[in-house]
Amino acid sequence: YAIKGKMVSKDQLAKEAIHIEQSMCKENVGCQDQMLAAHGGFNFIEFGGRNHLQVRRVTISEEKFQELKSHLMLCFTGFSRTASEIAKHQIKNIPQKTKEIKRMYEMVFEAMEILNGKRNICDFGKLLHESWQLKRKLSDKVSTANIDEIYEAARSAGALGGKLLGAGGGGFLLLFAPPSQQAKIRQKLKKFLLVPFEFEDSGSQIIFYQPNGR
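For the structure given in this document, a descriptive report is provided here. What you see is a predicted model, and the numbers here were worked out from it, not measured in a lab. (Residues numbered from 1 in each chain as written. Predicted model: local features only at pLDDT ≥ 70, side-chain atom pairs only at ≥ 80, totals over all residues. Heavy atoms only, no water.)

1. Points about the overall build of the protein chain
For step 1, the next point in the chain: Of regular secondary structure, the protein chain possesses 8 helices and 6 strands.
For step 2, the next point in the chain: Each helix and strand of the protein chain, placed in order from N terminus to C terminus, yields the pattern α-α-β-β-α-β-α-α-α-α-β-β-α-β.
For step 3, the next point in the chain: Residues counted as buried form 36% of the 214 residues belonging to the protein chain.
For step 4, the next point in the chain: A separation threshold of at least 6 residues defines the contact pool for the protein chain, and within that pool the share at least 24 residues apart is 65%.
For step 5, the next point in the chain: Here the protein chain displays about 13,300 Å² of accessible surface, and carbon together with sulfur accounts for 54% of that area. (Helix = DSSP H or I, 4+ residues; strand = E, 2+ residues; numbered from the N terminus. Buried < 20%, exposed > 50% of the residue type's maximum accessible area, 1.4 Å probe, protein only. Contact = heavy atoms within 4.5 Å. Areas by Shrake-Rupley, 256 points an atom, 1.4 Å probe, with all protein chains shown as cover.)

Right under this line is the structure:
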């Protein structure tokens, strides 16, 4: 679009990315990654219904936001996976997993209550653990024995919860742990790459533009 001299909305970018992946490439992928990458920020996204793909900023205080960030750790498992194949297996199992999916849906609102209310931030980590246990039940391809071992090692060192990012099967493992326990977790997972990260607010943007090849 930049090369064509056009300015388009973040919403259009996300929806066209979804169209390319789902309709043109025939990938078994959801919509959350494209929406989050395009919009940036800390969002509550609603899927389905009359107003499909609605993005709303989470109204969280700066103090609570910093507290949440201080409890998060990101670990690369060292395992790669084909997300589309794992997602395809999950989709196939959905008719038999309505109980798990309904609970996962309910947990979104409970998480919002934790972030916006006076509940202890550690409740978010416990909720994340419950969510990961439910997600593992959606398909036997979501996790592996090696990933379970990494997760349990982190839990034994003080992590309260976590989950694999994306469809599962490998990639990055997000952990929730009190800052006081993080040194112990790093030692326990010392053979894995722990990646420092920040939340990103800007979303998709042009970072280099050189029109007409100049």
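From this point, the discussion proceeds with the structure in view.
2. Points about the packing of helix H5 (residues 98-116) against helix H6 (residues 122-138)
For step 1, the next point in the chain: For the pair H5 and H6, interaxial distance at closest approach is 10 Å and the crossing angle is 165°. When the axes of H5 and H6 are compared, the pair comes out roughly antiparallel. Relative to H6, H5 is oriented so that their crossing is left-handed. Residue-level inspection shows Glu100, Ile101, Arg103, Met104, Met107, Glu110, Ala111, Ile114 and Leu115 of H5 in contact with H6, the latter providing Asp123, Phe124, Leu127, Glu130, Ser131, Leu134, Lys135, Lys137 and Leu138.
For step 2, the next point in the chain: Each residue belonging to the contact of H5 with H6 can be placed in one class, and the counts come to 10 nonpolar, 1 polar and 7 charged. (Axes fitted to C-alpha atoms, helices over the stretch in contact; angles between N-to-C directions. Parallel < 35°, antiparallel > 145°, perpendicular 65-115°, else oblique. Left-handed = near helix turned anticlockwise from the far one by under 90°. Nonpolar A, V, L, I, M, F, W, Y, C, P; charged D, E, K, R; others polar.)

3. A few points about the packing of aromatic side chains
For step 1, the next point in the chain: On inspection of all chains with the given rule, the structure shows 9 aromatic pairs.
For step 2, the next point in the chain: Considering the side-chain rings of Phe42 and Phe65, the 5.6 Å spacing of their centres and the 50° angle between planes classify their relative orientation as tilted. Taken together, the positions of Phe42 in the loop between helix H2 (32-39) and strand S1 (43-46) and Phe65 in helix H3 (residues 62-70) put the pair 23 residues apart, joining distant regions of the chain.
For step 3, the next point in the chain: Ring centres of Phe42 and Phe199 lie 5.4 Å apart, and the angle between their planes is 80°; on these two criteria the pair is classed as edge-to-face. (Phe/Tyr/Trp six-rings, centres within 6.5 Å; stacked < 30°, edge-to-face > 60°.)

4. Thoughts on the sheet that holds strand S6 (residues 193-194)
For step 1, the next point in the chain: Read from one edge to the other, the open sheet built from 4 strands follows the order S4-S5-S3-S6, with strand pairing classed as antiparallel. On the outer flanks of this sheet lie strand S4 (161-164) and S6, each paired with one strand and no other.
For step 2, the next point in the chain: Across 4 bridges, S4 lies against strand S5 (residues 172-176) in antiparallel orientation. Across the sheet, Gly162 pairs through a bridge with Leu175, a residue of S5. (Pairing = 2+ DSSP bridges.)

5. Details of unusual backbone geometry
For step 1, the next point in the chain: For Lys26, which is not glycine, the phi dihedral falls at a positive 60°.
For step 2, the next point in the chain: With respect to the element layout, Lys26 can be found in the loop between helix H1 (10-24) and H2.
For step 3, the next point in the chain: Classification of Lys26 by relative accessible area gives exposed; the value is 62%.

6. Points about H5
For step 1, the next point in the chain: An ideal rise of 1.5 Å per residue puts 27 Å on 19 residues; H5 measures up with 28 Å between its terminal C-alpha atoms.
For step 2, the next point in the chain: Of all the positions in H5, only Glu100, Met107, Ala111, Ile114 and Leu115 are classed as buried.
For step 3, the next point in the chain: Buried residues belonging to H5 abut H3 and H6. (Expected span 1.5 Å × (residues − 1).)

7. Focus: a nonpolar patch on the surface
For step 1, the next point in the chain: Nonpolar side chains collect at one region of the surface, where Phe76, Leu165, Phe172 and Leu193 lie side by side and expose about 330 Å² of accessible area between them.
For step 2, the next point in the chain: Judged by relative accessible area, Leu165 falls into the partly exposed class, the value being 34%. (Patch = residues over 30% accessible without salt bridge, like charges linked within 9 Å, V, L, I, M, F, W, Y side chains within 5 Å. Salt bridge = Lys/Arg side-chain N within 4 Å of Asp/Glu carboxyl O.)

8. So, the side chain of Gln182
For step 1, the next point in the chain: Here Gln182 lies in helix H8 (residues 179-188).
For step 2, the next point in the chain: Gln182 gets classed as buried once you look at its relative accessible area, which sits at 7%.
For step 3, the next point in the chain: Ignoring anything within four residues of it in the chain, the contact list for Gln182 reads Ser70, His71, Leu72, Met73 and Ala177.

9. A word on the packing of H1 against H2
For step 1, the next point in the chain: Their axes nearest at 8 Å, the elements H1 and H2 cross at an angle of 150°. Here H1 lies roughly antiparallel to H2, going by the angle between them. In the packing of H1 onto H2, the handedness of the crossing is right-handed. Where H1 approaches H2, its residues Lys10, Asp11, Leu13, Ala14, Ala17, Ile18 and Glu21 are matched on the opposing element by Gln34, Met35, Ala38 and His39.
For step 2, the next point in the chain: Here the residues of the contact of H1 with H2 sort into 6 nonpolar, 2 polar and 3 charged.

10. Quick word on the environment of Lys137
For step 1, the next point in the chain: In this structure, Lys137 sits in helix H6.
For step 2, the next point in the chain: As a C-alpha pair, Lys137 and Ile101 span 36 residues in sequence and 10.0 Å in three-dimensional space.
For step 3, the next point in the chain: Sequence-distant contacts of Lys137, defined by excluding residues within four places in its chain, comprise Lys97 and Glu100.

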